[in-house]
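Here are the chains, one letter per residue:
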Amino acid sequence: DQLRDHFQANTRRNLFLTGELLQLLNLFDTHRITAIPFKGPALAASLYGNLAFRQFADLDIFVPKQEVLTAGDLLVSLGYRPQLQLTRALAKAYLRSQYDLTFTRQDGRIIVELQWGIVPKQFVSPISPRFLWECLDRAAKDGSGLPALPPEDTLLILCVHGAKLLWERLGWICDIAELVRAHKGLDWKWVMGQARAMGGERMLYLGLFLASDLLG
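The residue count restarts for each chain, going from 1 along the sequence in the order it is written. For a predicted model such as this one, the threshold for reporting local features is a pLDDT of at least 70, and the threshold for listing and counting side-chain atom pairs is 80 or more; totals across whole chains, interfaces and linings nevertheless cover every residue. Only hydrogens and water are removed before side-chain values are computed, so all heavy atoms of the structure are retained for them.

Enquirer: Whenever I open this one, a nonpolar patch on the surface confuses me. Can you help?
Expert: Without a salt bridge and with relative accessible area above 30%, a residue can belong to a patch; like charges are then joined within 9 Å and nonpolar side chains (Val, Leu, Ile, Met, Phe, Trp, Tyr) within 5 Å. A 1.4 Å probe and the Shrake-Rupley method give the accessible areas. Residues count as covered only by the protein chains that appear here. Salt bridges, as used here, are contacts in which a Lys or Arg side-chain nitrogen is within 4 Å of a carboxyl oxygen on Asp or Glu. Together, L84, L86 and L90 give the surface a local cluster of nonpolar side chains, amounting to about 240 Å² of exposed area. Numbering of helices and strands runs from the N terminus, with a helix taken as a DSSP run of H or I at least four residues long and a strand as a DSSP run of E at least two residues long. Note that L84 resides in the loop between β3 (81-82) and α4 (88-97). Per-residue accessibility, obtained with a 1.4 Å probe over protein chains only, is compared with the maximum for each type, and a residue is labelled buried under 20%, exposed over 50%, and partly exposed between these values. For L84, a relative accessible area of 36% translates into the label partly exposed.

Structure representation (structure tokens):
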């Protein structure tokens, strides 16, 4: 009973957050802002085929660095509050050194992270800003109607994200396993070549090893 109640509550929250995400994507599109959802509903739909089959607490959206402040202003116009109160000058400095801005709404019930990178500047990462923008150019709508990154790009980004946070959640490893399962035709030569070129082979191989060792 407890597990069923938790599953149903998670399903309701996921549907609620997905509805909010679709509204935000429509708003950004209206203002000609490139916005690609990552993790959250996007992974639930593309990897698990069901919004109820994955837990997520916030909405992560990739936005080009030059459009972040405009996107943030649009969020504020909807009642969102930035986690950091920055002047315009400080915000520009923050954009140069960090990789995300957090906004909340409805007393923290909705959390949106605008991201223009994957990791802090001081973190050695195979995901360069240029690579990320190329990913955004390659994005296309998946079966759920959400714009999604190609699976090869997603795999690299998920492995870097897991390495950044020391793979502290089993769910992140499950995402790797489900991505490999859901996309049988992955271009492994491209993935490994990209990781090698950017110095991220160990991050990629560790993510794949964990998925294989723990989840078969």
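Enquirer: I would appreciate a short explanation of the packing of helix α6 (residues 151-164) against helix α7 (residues 170-182) in the present structure.
Expert: For any two helices packed against each other, one specifies the inter-axial angle together with the distance between the axes. Where α6 contacts α7, the axes come no closer than 10 Å and their chain directions differ by 160 degrees. Our classification of the angle between α6 and α7 gives roughly antiparallel. Here the hand of the crossing between α6 and α7 comes out left-handed. Seen from α6, the contacting residues are P151, T154, L155, L158, C159 and H161; seen from α7, they are W172, D175, I176 and L179. Whenever a helix is involved, its axis is fitted only over the stretch in contact; in every case the axis is a line through C-alpha atoms, and angles between N-to-C directions fall within 0 to 180 degrees. Should an angle fall under 35 degrees it is taken as roughly parallel, and over 145 as roughly antiparallel, whereas 65 to 115 is taken as roughly perpendicular and any remaining angle as oblique. Definitions for this section: a left-handed crossing has its near helix turned counterclockwise from the far helix by less than a right angle. A right-handed crossing has that turn clockwise. When checking whether two residues touch, look at their non-hydrogen atoms; a contact exists if any pair is within 4.5 Å.

Enquirer: Explanation requested: a positive patch on the surface in the structure shown.
Expert: Among the surface-exposed residues, K65, K92, R96 and K121 lie close enough to one another that they form a single positively charged patch. On the basis of relative accessibility, which here comes to 35%, the residue K65 falls in the partly exposed class. Positive residues here are Lys and Arg, negative ones are Asp and Glu, while His and the chain termini are left out of the count. A charge is said to be at NZ when it belongs to Lys, at CZ for Arg, at CG for Asp and at CD for Glu.

Enquirer: Looking at this model, I keep getting lost on the sheet that holds β3. Mind explaining?
Expert: For two strands to be treated as a pair, DSSP must find no fewer than two bridges joining them. Spatial strand order, β1-β2-β5-β4-β3: five strands in an open sheet with mixed pairing. At either end of the open sheet lies a strand with only one pairing partner, and these are β1 (36-38) and β3. Relative to strand β5 (residues 110-115), helix α3 (residues 68-77) is tilted by about 165 degrees, and along the sheet it contacts β3, β4 (100-105) and β5.

Enquirer: Sorry, what's going on with helix α2 (residues 40-48) here?
Expert: Because an α-helix packs 3.6 residues into every turn, residues spaced three or four apart end up facing the same way. Within α2, seven of the nine residues are buried, which leaves it mostly tucked inside the rest of the structure. Turning to α2, its buried residues are G40, P41, A42, L43, A44, L47 and Y48. Structurally, α2 contributes buried residues whose contacts are with α1 (2-30), β1, β2 (59-62), α6 and α7. After α2 finishes, the residue G49 shows a positive phi value of roughly 70 degrees.

Enquirer: What is the right way to read the side chain of D175 from this model?
Expert: With respect to the helices and strands, D175 occurs in helix α7. Apart from the residues within four sequence positions on either side, D175 is in contact with L43, L47, Y48, R54 and L158.

Enquirer: I keep staring at the nonpolar core and nothing clicks. Help me out?
Expert: Proteins that are soluble and globular tend to have nonpolar side chains buried together. By nonpolar core we mean a set of buried residues, namely Ala, Val, Leu, Ile, Met, Phe, Trp, Tyr and Cys, connected to one another through side-chain atoms within 4.5 Å. Membership of the largest hydrophobic core comes to 30 residues, with the highest contact counts inside it found for F62, L155, W167, I176 and L204. Elements that contribute at least two residues to this core include exactly β1, α2, α6, α7, α8 (188-197) and α9 (201-215). If one sorts the elements of this core by residue count, α6 sits on top with seven residues. In this structure, L155 is in contact with I176, L179, L186, W188, V191, L204 and L208, ignoring residues within four places of it in sequence. With 29 residues, the next largest nonpolar core counts L21, F28, L69 and I110 among its residues.

Enquirer: How should I be thinking about the layout of surface pockets in this particular structure?
Expert: The gaps left among the atoms become clear once a water-sized probe is rolled over them. Two kinds of site are reported from a 1 Å grid over the protein atoms alone, namely cavities, where a 1.4 Å probe fits but cannot get out, and pockets, open sets with protein on both sides within 12 Å along at least five of seven lines, and residues are called lining when an atom falls within 4 Å of a point. Grid points are joined across faces, edges and corners, and a volume is the space filled by probe spheres set on the points. Empty space within the largest pocket amounts to approximately 770 Å³. Forming the walls of the largest pocket are 31 residues, and the residues nearest its centre are R54, Q55, F56, R169 and W172. The set of elements that each furnish at least two residues to the lining of the largest pocket consists of α1, α2, β5, α6 and α7. Tallying contributions element by element places α7 first for the lining of the largest pocket, with five residues. Classification used: nonpolar for Ala, Val, Leu, Ile, Met, Phe, Trp, Tyr, Cys and Pro, charged for Asp, Glu, Lys and Arg, polar for all others including Gly. Across the lining of the largest pocket, the residue classes break down as 15 nonpolar, seven polar and nine charged.

Enquirer: Explain the pairing of β5 to me, please; I cannot follow it from the model alone.
Expert: The side chains of a regular strand alternate between both faces of the sheet. Buried residues dominate β5, accounting for five of its six residues. Where β4 folds back onto β5 in an antiparallel hairpin, the turn is made up of four residues, including Q106, whose phi is positive at roughly 55 degrees.

Enquirer: In this structure, what is going on with unusual backbone geometry? I would like to understand it.
Expert: One can expect most non-glycine residues to show negative phi and most peptide bonds to be in trans. A positive phi angle is found at R32, which is not glycine, with a value near 60 degrees. Positionally, R32 belongs in the loop between α1 and β1. Overall, R32 belongs to the exposed group, its relative accessible area being 77%. Backbone geometry at L166 places phi at a positive 60 degrees, although glycine is not the residue there. A relative accessible area of 71% means that L166 is categorised as exposed.

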